[in-house]
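Observations on the three-dimensional arrangement
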Amino acid sequence: MKPAGFLCNIDNLGRIVIPAPVRKTYDLNKGDAVEIFTDENGIMMKKYNPSCIFCGGVENISSYKGKNICENCIKKLSNLVDE
Ligand SMILES: [Zn+2]
């Protein structure tokens, strides 16, 4: 990680504002989810892109019982059921 050149204050509800240039660079828009990672060096966040639990794909993702699955894997699984 390298410094982004911004200093943010945490408000009384624990929130920070991600500076507009950073939001633009990382295509973070209102309502987007971010995933938070931690290690011994600090905290990192990434735009959350749901991926399929079976193949890791990120296209045409649906959620079933809290798990993400892509359309291709849904088709393959339904073929298993039909056989
Ligand atoms: Zn898949």
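Residues numbered from 1 in each chain as written. Predicted model: local features only at pLDDT ≥ 70, side-chain atom pairs only at ≥ 80, totals over all residues. Heavy atoms only, no water.

Here we take up the pairing of strand β1 (residues 34-39). Sheet analysis places β1 next to strand β2 (residues 42-47), joined by 6 bridges and oriented antiparallel. Along β2, the bridge assignment pairs Thr38 with Ile43. The hairpin formed by β1 and β2 contains 2 residues between the paired strands. (Pairing = 2+ DSSP bridges. Helix = DSSP H or I, 4+ residues; strand = E, 2+ residues; numbered from the N terminus.)

Attention now moves to the domain arrangement of the chain. Domain boundaries in the chain define domain 1 (8-48) and domain 2 (49-83). Centre-to-centre separation of domain 1 and domain 2, based on C-alpha positions: 28 Å. (Domains from an automatic or database assignment.)

For the rest of this paragraph, the subject is the layout of surface pockets. Of the pockets and cavities examined, the largest pocket occupies roughly 900 Å³. Forming the boundary of the largest pocket are 21 residues, of which Ala4, Val22, Ile43, Met44 and Met45 lie nearest the centre. For the lining of the largest pocket, the secondary-structure elements that each account for two or more residues are α1 (20-25), β1 and β2. Of the residues forming the lining of the largest pocket, the biggest block, 5 residues, is contributed by β2. Looking at side-chain class alone, the lining of the largest pocket contains 17 nonpolar, 1 polar and 3 charged residues. (1 Å grid on protein atoms, 1.4 Å probe; cavity = no way out; pocket = protein on both sides within 12 Å on 5 of 7 lines; lining within 4 Å. Points joined across faces, edges and corners; volume = space filled by probe spheres on them. Nonpolar A, V, L, I, M, F, W, Y, C, P; charged D, E, K, R; others polar.)

Moving on to the coordination of the zinc ion. Every protein donor of the zinc ion is listed here as Cys52 (SG), Cys55 (SG), Cys70 (SG) and Cys73 (SG), and their distances to the metal cover 2.3 to 2.4 Å. One can describe the site at the zinc ion as tetrahedral: its 4 donor atoms subtend angles covering 104 to 115° at the metal. Binding-site remark: the zinc ion is held by donors from one chain whose sequence spacing is C-x2-C-x14-C-x2-C. Placement of Cys52 in the loop between β2 and β3 (61-64) and of Cys73 in helix α2 (residues 71-82) is noted, with a sequence separation of 21 residues between them. (Donors = N, O, S within 2.8 Å, 3.2 Å for Na, K, Ca; no water. Tetrahedral: all angles 85-135°; square planar, octahedral: opposite > 155°, others 65-115°.)

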